[in-house]
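What follows is the residue order along each chain.
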Amino acid sequence: MNLSKRDIKHNWHPYTQHKTASPVVAITQGEGALLWDENGKEYLDAIASWWVNPYGHSNKFIADAIYKQLTSLEHVLFGGFTHEPAVVLSEKLMEILPSNQKKIFYSDNGSTAVEVAIKVALQFHYNKGIAKTKIIALEDAFHGDTFGAMAASGISFYTQAFQGSLLEVVRVPIPTEGNEQKALQVLHELLATREYAAFIFEPLVLGAAGMVMYSPEVLDKMIALCKDYSVFTIADEVMTGFGKTGKTFATDYLVNKPDMMCLSKALTGGTIPMAITTFTQEIYDGFYDDDVNKALFHGHTFTANPTGCAAAIASLELLQTKEMQLNIERVNLSHLDFENKIKNHPKVKATRVLGVIFALEINTSSQESYYGNLRNKLYNFFIENGVILRPVGNIVYVLPPYVMTNSQLQKVYQTIENALEIV
């Protein structure tokens, strides 16, 4: 019995209605931007396996760092202990993070990084005896699947079964071009009530919403407004961090920096689950007290896992090489060339590019649901043609490993062009 048939006996996959879904693809090997299934079929991983794998599959440099760490210290609890990989990683991150970030808290994945940020925002005010229990977020945001992160997310079918159990979150329109003033006005009105602990946002690009983009200038104004009302700002850089937007962090495009940042996905180069939430000194000081009850009582068994830290250190080293920075520029230029070629296609409604992110919106006569017929038809077409792309409704996006070659990129673009003919 092959792997895919054995898999279905016991495994429950994410975001999958197993009664109607196509059989899963069983992957047995990866190298660079390529994956191979159990039958030897080759696939181009054009979304870096959910945005985590910028340096290519089976990266030897990261693998060697992991192996070396495993043979000296694979794990030790982080409660009351520390170790060199965690210290070195924190030092290296401080060199590249915005200068207002001073403290790092380790967790396991993007959802938990957001969960930590939300809990900190709420407890900071609780510690000071201030009643601020609400959060502001953007419409159509996605911040994760744990309860706090889910509450901050705006994609309704992900959250509708849990509406009565979620933290109170009020939403602001996405400040896309032409919608900036409305978004600023709504944000201002909410802030003026002085009921909110924090404003959380995906900086410049809302990933799961379909790579919806907005300008650094309007985000700067939104952060400035929050500072005027002493409301913390949380930049969810889980997707955008580590080069995706063309800069190390999307917040590097900003003048006003967030109070907290959430990092995961590409942090370890797609090897080991790990996440980080970073904070200003002011926030850390809000928990620094003789009263033990004002401490942050939050932790994970694998917090600051040494092996994950070693993978992250190696990943940062790769990111900062001249070769990788040139790869990011090359992919961006390739996307821009393809955008120029395809944007006037009669079946293309809109295109957008930022860094290594390309998105194309298909003209449709009706509103397409997130996992609707068009999306499924496109997804199956891409898989059949050996390209891994996961459309969001009528939006096709490409977010490839930085090491994807020019010829591989051209195959991805050509497959998208071919897909437009079946729409």
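Scroll up to find the structure this text is about.
Residues numbered from 1 in each chain as written. Predicted model: local features only at pLDDT ≥ 70, side-chain atom pairs only at ≥ 80, totals over all residues. Heavy atoms only, no water.

Enquirer: Can you break down the overall build of the protein chain residue by residue, with the values?
Expert: A count of helical and extended segments in the protein chain gives 14 helices and 16 strands. Taking 423 residues into account, the globule formula puts the C-alpha radius of gyration at 22 Å, and the protein chain, at 21 Å, falls close to it. Counting only C-alpha atoms and orienting by the principal axes, one finds that the protein chain spans roughly 65 × 55 × 45 Å. Taking all 423 residues of the protein chain together, the buried fraction comes to 54%. Look at the contacts in the protein chain between residues 6 or more apart in sequence, and 71% of them connect residues 24 or more apart. Of the roughly 19300 Å² of accessible surface on the protein chain, 51% is carried by carbon and sulfur atoms. Side-chain charges of the protein chain comprise 35 positive and 44 negative groups, with the mean position of each set lying 4 Å from the other. (Helix = DSSP H or I, 4+ residues; strand = E, 2+ residues; numbered from the N terminus. Rg over C-alpha atoms; globule rule 2.2 N^0.38 Å. Buried < 20%, exposed > 50% of the residue type's maximum accessible area, 1.4 Å probe, protein only. Contact = heavy atoms within 4.5 Å. Areas by Shrake-Rupley, 256 points an atom, 1.4 Å probe, with all protein chains shown as cover. Lys, Arg positive; Asp, Glu negative; His and termini not counted. Charge placed at Lys NZ, Arg CZ, Asp CG, Glu CD.)

Enquirer: Before we move on, could you go through helix α5 (residues 110-127) and cite the residues and values that matter?
Expert: Side chains of residues three or four places apart in an α-helix project in the same direction, reflecting 3.6 residues per turn. Along its 18 residues, α5 runs 26 Å from first to last C-alpha, staying within 8% of the 26 Å computed at 1.5 Å per residue. Here α5 starts with a cap whose side-chain oxygen sits 3.0 Å from the backbone nitrogen of S111, and that cap is N109. Following α5 by one or two positions, G129 adopts a phi angle in the positive range, close to 75 degrees. (Expected span 1.5 Å × (residues − 1). Polar contact = N/O pair within 3.5 Å; in protein donor to acceptor, adjacent residues only side chain to side chain.)

Enquirer: Can you break down the sheet that holds strand β16 (residues 395-398) residue by residue, with the values?
Expert: Pairing is antiparallel in the open sheet, where 3 strands are placed in the order β13-β14-β16. Edge positions in the sheet fall to β13 (348-354) and β16, since each has one partner strand and no second. When strand polarity is set aside, the average angle formed by the axes of neighbouring strands in this sheet is 15 degrees. The sheet contact formed by β13 and strand β14 (residues 357-362) spans 6 bridges and is antiparallel. By the bridge assignment, L354 is partnered in β14 with I357. (Pairing = 2+ DSSP bridges. Axes fitted to C-alpha atoms, helices over the stretch in contact; angles between N-to-C directions.)

Enquirer: How would you summarise the packing of helix α12 (residues 322-342) against helix α14 (residues 406-420) if you had to cite specific residues and measurements?
Expert: Running from N to C, α12 and α14 point in directions that differ by 25 degrees, and their axes come no closer than 11 Å. Between α12 and α14, the angle falls in the class roughly parallel. In the packing of α12 onto α14, the handedness of the crossing is right-handed. Where α12 approaches α14, its residues R330, V331, S334, H335, F338, K341 and I342 are matched on the opposing element by N406, L409, Q410, Y413, I416, E417 and L420. Across the contact of α12 with α14, the residue classes tally to 7 nonpolar, 4 polar and 3 charged. (Parallel < 35°, antiparallel > 145°, perpendicular 65-115°, else oblique. Left-handed = near helix turned anticlockwise from the far one by under 90°. Nonpolar A, V, L, I, M, F, W, Y, C, P; charged D, E, K, R; others polar.)

Enquirer: Give me the lowdown on the sheet that holds strand β15 (residues 387-388), citing residues and values where you can.
Expert: Ordered by their spatial adjacency, 4 strands build an open sheet running β1-β2-β3-β15, and the pairing between neighbours is mixed. The sheet is open, and its two borders are formed by β1 (27-31) and β15, each paired with just one other strand. Note that strand β2 (residues 34-37) and strand β3 (residues 42-45) share 3 bridges and pair antiparallel. Residue pairing in the sheet places W36 in a bridge with E42 of β3.

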